[in-house]
Each structure stands twice: as structure tokens, then as C-alpha cells.
Amino acid sequence: MRRIVSTILSTISIMVLLFSYHTSSSSATVSASPVVQQPASSDPNPPSGSLTSGGSSKSGGTSTTRPGPAAKPSPPAAIAYTGGVASTRWGPVQVRITVRGGKVTRAQAVQYPQGTNQDAQINSYALPILDQEVVQKQSASIDTVSGATVTSDGYLQSLQSAIDQAHL
Amino acid sequence: MSRRAWVQQIMGMPISIHLRGKDVDSPMVAHVVEDAFVLLREADRLFSTYRDDSEVSRIRRGELDPGHADPLVQEVIALCRQAGELTKGAFTDQLPDDQGVLRFDPTGLVKGWAADRAANRLAELPGLAFCLNAGGDVVVGGTESETESETEVQVNGGSRPSKDGSGALWRVGIEDPRDRSRVAQVVQLHHGGVATSGTAARGAHLYDPNAQTFVDRAGSVSVIGPSLMWADVWATALFVGPKSLMLRFSEVADGYRVISL
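The written sequence of each chain sets the order in which its residues are numbered from 1. Chains and ligands are labelled by the order in which they are written, letters from A for the one and numbers from 1 for the other. With pLDDT at 70 or above as the cut-off, local features in this predicted model cover only qualifying residues; side-chain atom pairs require 80 or more to be listed or tallied, and sums for whole chains, interfaces and linings still use all residues.

(A) Seen up close, the environment of Pro 226 of chain B. Residue and element names in this part refer to chain B. Labels follow the DSSP assignment, with helices taken as runs of H or I lasting at least four residues and strands as runs of E lasting at least two, numbered in each case from the N terminus. Topologically, Pro 226 is positioned in the loop between β12 (220-225) and α5 (228-240). Overall, the presence of 21 C-beta atoms within 10 Å leaves Pro 226 in the buried class. Residues Pro 226 and His 191, spaced 35 residues apart in sequence, show a C-alpha to C-alpha distance of 6.9 Å. Look past the residues within four positions of Pro 226 in its chain and what remains in contact with it is Gly 192 and Gly 255. Three exposure classes are used. Buried residues have 20 or more other C-beta atoms within 10 Å of their own C-beta, exposed residues have 12 or fewer, and partly exposed residues fall in between, all C-beta atoms being placed from the backbone. C-beta atoms are placed from the backbone for every residue, and two residues are taken to be in contact when these atoms lie within 7 Å.

Dropping the structure here:
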């Protein structure tokens, strides 16, 4: 559980960076704002904060933190985690996430720079989130995959194919 | 609450429909899902450049005057023109054929357009949330009435959609363009589209009309917003277009956002 929390905190750092990005409405290449919560993971290649995240970070082979199939009949409870306040060049940003059953089900900025058009920038269409390491551990619980056009030939090797198979 | 998926190969690509909610196994649901696939096959019949008998193929050969084409084809032609204007020419429906001759080819817009049409049909299913994935471009919507009370309203702001503010959350993984077995980011949304353009799956197939060449660079551009068709148009335009197009995007594509990888 401790590991989950630390992983989640690293996720919050990433979200802070992404929110920082969105509060800068005109530049597409904002990179690296100060991060208060450093990822507590053992990732040798911590995310740079740039949106151009490549495939360089390793998943590290740590044991999975994804909870197994529900052993209990009751639905998992929602737990909220609030990250530390990160100083960005636009002001302080603090993010709270809600986790249910090991998945991030909600993310919200509880503190954000005054004077920015926060509502417009952090809208409800999408919450781009999640540290790559977290993603690797949770990929089994992703609902679908968006990527460069998959052809019928390439489908069987695709992650989407695996997801479809699980629900056919 | 249960979940069920259907997959068909249409337009040369896998199209999957996932539904979540009650009664996903009912005959009514199967009927509506089939309707959605019918709409997609209809688009293939009209627009495929691989079918000699499609209206688009006949227009390409000069056998059919676009003014006499099916109303749906005329609708798409008008949308292509609009897309070209919005993207300052980075989107085009004039692509080189095998001989390098520019010919009418609305494929880059039709996929999203057809998926949005199918999605509108799926949205008529009461109490069900849907996720339609057309070869890597995704549109989601609907509402799981059963879990409405449990579903958190997303971060405030955004003029977004379902009037009661609820809907089912879908987690859309954005593929890492440098390692397609990995997911680089996750986008969560209740309604709208996620389109990704890049060269990872099919090589240099994206055409830059301004440079008159196919683009061969790494990376991908994903666009998220209310309409999959427009998200897809912008994803392609931003991938092939100049960096300055990002400014244009932020000015005219209200409600859309971009992830560059």
C-alpha cells in the first residue's frame, strides 16, 4: 500500500506538470516546471516534465501494485489523495486525485494560479495524466487505445486487440 | 453492470464497439450496434478509394460530377473544404495517387465523420455508455444510468455535454509512438473523441500538401475534443503542418486540446 501511495504521489507530480502546461495557453513546448513532489519510484529515468515523453523510462520490474480481481463482493471504496503544492511559474498548483480499485477515477486542481483561465484550461474532456510507470502497471485496466492508424493486418498484434478479446 | 465488445473489419481496419451498463446482451442492443456497423459499411461503400464502384472512385476517374453525388458525399466534400480553410491548407482532400497525380481523396476526414455518425446511433441506447475505436481513433459517450450517482463529475469548467454532468468515464491510452506495445499517457473522458496521427503503424502515409511530400518523422499528435472528426482533422494537420499551426489551432479549435509525443 505504501508503494501504491508513493506511486500515486509521483503521478500527482506529473499531473501538476501537465496542468502547468495547460495554463500556458499559447506555447506548445513548455517544459519542466519545478516539481515539489519528486517521484518516489526507483525509475532511473524520471520524467522530465516535458510533454514530449518518449519511451525511455523503464518499468523497472517492480512487483505489480494492481489489486487482483476483487476478492470481496463489495465495490472498492474511493480514496482521495492530495498532492503537495507545486510551485510553477504561473503560481502554486495542487492536485487531488481519487482512486477507486487501484484506478485513478478523478483528478482535480484544488489550488491553481489566480488570474489564469483555469476553468477553460482544465476542462472535462480529458485529464491527461499518469506517469508512464503507473501506466505500465495499469495498462490492463485501460479501456481502449488511441494510436496511429491500425490496419486490419496489424490488429492482432495490437494492444487494442487484447482489450477487445477480453470483452468479446 | 456488465461490459461487452463487438469487433468488425470495415474500411480495412478493425472497428470495435464496447458497451457498458445494464442489459448489454439484449436484442435491442445488438440491433443498435448492428445499425452502427451498417452506417460504417455504408461510408465504406460510398467513400472507399479501394472500391472501384464507390462514388469517390467514380469522382476520381471523372465519371461522376461531385454535384450529382450522394448527399452524404456532398456533405463530406463541404466539410473537407472547411477543414482545409480552418487548418490553413494543412488538411487536404487532394492526395497523390500511385502515379503521383493529385486526386480527390477525403479518407482523412471520412473515418472520423463515419465514426461520429455511428457514435450518434449508439448514443441513442438508454442507460449504456459506449466506446467506439476505429483503427486507433476513439469516440466515447452515453451514460450508465445505473452508476450515475457514483460517477463523479469531472473537474469543473468545460462546457461539456451531458446535461446532468454525468456519464461513464473511459480510459483512453495514448500509444507510445516509439514503442507501440506501451501506453505513454492516459486520457479520461466521458464524451468526445481522441484521434492520434503518426507514422508508427503505416509508415509515411501522411501527406503535407504545402511541402507536397509525405511526412516521415517519428512521434505522434493526439487531439481530444467534442467531435472525433475534427479531432482527427487537427491531429493530422498538426502532425504534417508547420509549428505555427499550433497557434491557429489554439485560436479556432475551441474545446480541443493536443498531446504531442
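After that view of the structure, there is still more to cover.
(B) Just the sheet that holds strand β5 (residues 128-134) of chain B, in detail. All names here are of chain B. In spatial order, the strands read β1-β2-β5-β6-β9-β12-β13; together these seven strands make up an open sheet with antiparallel pairing. Edge positions in the open sheet fall to β1 (2-10) and β13 (257-260), since each of these has one partner strand only. Taking the axes of each pair of neighbouring strands and ignoring which way they run, one obtains an average angle of 15 degrees across the sheet. Pairing of strand β6 (residues 137-142) with strand β9 (residues 192-198), which is carried by three bridges, proceeds in the antiparallel orientation. If you follow Val 139 over to β9, its bridge partner there is Gly 193. Strand pairing is assigned whenever DSSP detects at least two bridges linking the two strands. Helix axes use the C-alpha atoms of the stretch in contact, all axes being lines fitted to C-alpha atoms, and the angles between their N-to-C directions lie in the range 0 to 180 degrees.

(C) Representation of the packing of helix α4 (residues 107-122) of chain B against α5 of chain B. Residues and elements named next belong to chain B. For the pair α4 and α5, interaxial distance at closest approach is 7 Å and the crossing angle is 155 degrees. Looking at the two axes, α4 sits roughly antiparallel to α5. Viewed along their axes, α4 and α5 form a crossing whose handedness is right-handed. Mapping the contact onto sequence places Gly 108, Leu 109, Lys 111, Gly 112, Trp 113, Ala 115 and Asp 116 in α4 and Leu 228, Met 229, Ala 231, Asp 232, Val 233 and Thr 236 in α5. When grouped by side-chain class, the residues that make up the contact of α4 with α5 number seven nonpolar, three polar and three charged. When an angle is under 35 degrees it counts as roughly parallel; over 145 it counts as roughly antiparallel; between 65 and 115 it counts as roughly perpendicular; any other value is oblique. Less than a right angle of anticlockwise turn of the near helix away from the far helix marks a crossing as left-handed, whereas a clockwise turn marks it as right-handed. By the convention adopted, Pro, Cys, Tyr, Trp, Phe, Met, Ile, Leu, Val and Ala count as nonpolar, Lys, Arg, Asp and Glu as charged, and the other residues, Gly among them, as polar.

(D) Main features of the confidence of the model for chain A. Residue and element names in this part refer to chain A. A residue's pLDDT is simply how confident the predictor is in it, with values from 0 to 100. When pLDDT is averaged across chain A, the result is 47; 6% of the residues are at 70 or more. Ranking the elements of chain A by mean pLDDT puts helix α2 (residues 118-121) last, at 36, and strand β5 (residues 144-146) first, at 82. A low-confidence stretch, residues 1-72 (pLDDT under 50), is modelled with 136 contacts involving residues beyond four sequence positions or located in other chains. Within the model, the stretch residues 115-139 combines pLDDT values under 50 with 86 contacts to residues more than four positions away or in other chains.

(E) Structural detail: the environment of Val 186 of chain B. Residue and element names in this part refer to chain B. Structurally, the position occupied by Val 186 is in strand β8 (residues 179-189). According to the C-beta neighbour criterion, Val 186 is buried, with 25 such atoms within 10 Å. Along the primary structure Val 186 and Glu 175 are separated by eleven residues, whereas in three dimensions their C-alpha atoms are 8.9 Å apart.

(F) How the structure looks around the pairing of β9 of chain B. Residue and element names in this part refer to chain B. Within β9, seven of the seven residues are buried, which leaves it mostly tucked inside the rest of the structure. In β9, alternate side chains face the same way, and those of Gly 192, Val 194, Thr 196 and Gly 198 on one face and Gly 193, Ala 195 and Ser 197 on the other are all buried. Pairing analysis gives six bridges linking β9 to β12, with the strands arranged antiparallel. Bridging across to β12, Gly 198 finds its partner in Ser 220.

(G) How the structure looks around the nonpolar core. All names here are of chain B. Of all hydrophobic cores here, the largest spans 78 residues; its most connected members are Phe 130, Leu 132, Ala 231 and Trp 234. Tallying contributions element by element places α5 first for this core, with eleven residues. Ignoring anything within four residues of it in the chain, the contact list for Leu 132 reads Ile 17, Ala 115, Ala 118, Ala 119, Leu 122 and Val 139. Working definition: the nonpolar core is a set of buried Ala, Val, Leu, Ile, Met, Phe, Trp, Tyr and Cys residues, joined through C-beta atoms within 7 Å.

(H) Focus on helix α1 (residues 27-47) of chain B. The span you would expect from a helix comes to 1.5 Å times its residue count less one. Compared with an ideal rise of 1.5 Å per residue, which puts 21 residues at 30 Å, α1 of chain B spans 30 Å between its outermost C-alpha atoms and is within 8% of the ideal. As for α1 of chain B, its buried residues are in contact with β1, β2 (13-21), α2 (55-60), α3 (71-86), α4 and β5 of chain B.

(I) Looking closely at the packing of α5 of chain B against helix α6 (residues 245-252) of chain B. All names here are of chain B. One way to put it is that α5 packs onto α6 with a least axis distance of 9 Å and a crossing angle of 160 degrees. Considering the angle they form, α5 stands roughly antiparallel to α6. Of the residues in α6, those in contact with Trp 234, Ala 237 and Leu 238 of α5 are Leu 245, Met 246 and Phe 249. When the residues that make up the contact of α5 with α6 are grouped by side-chain class, the tally is six nonpolar, no polar and no charged.

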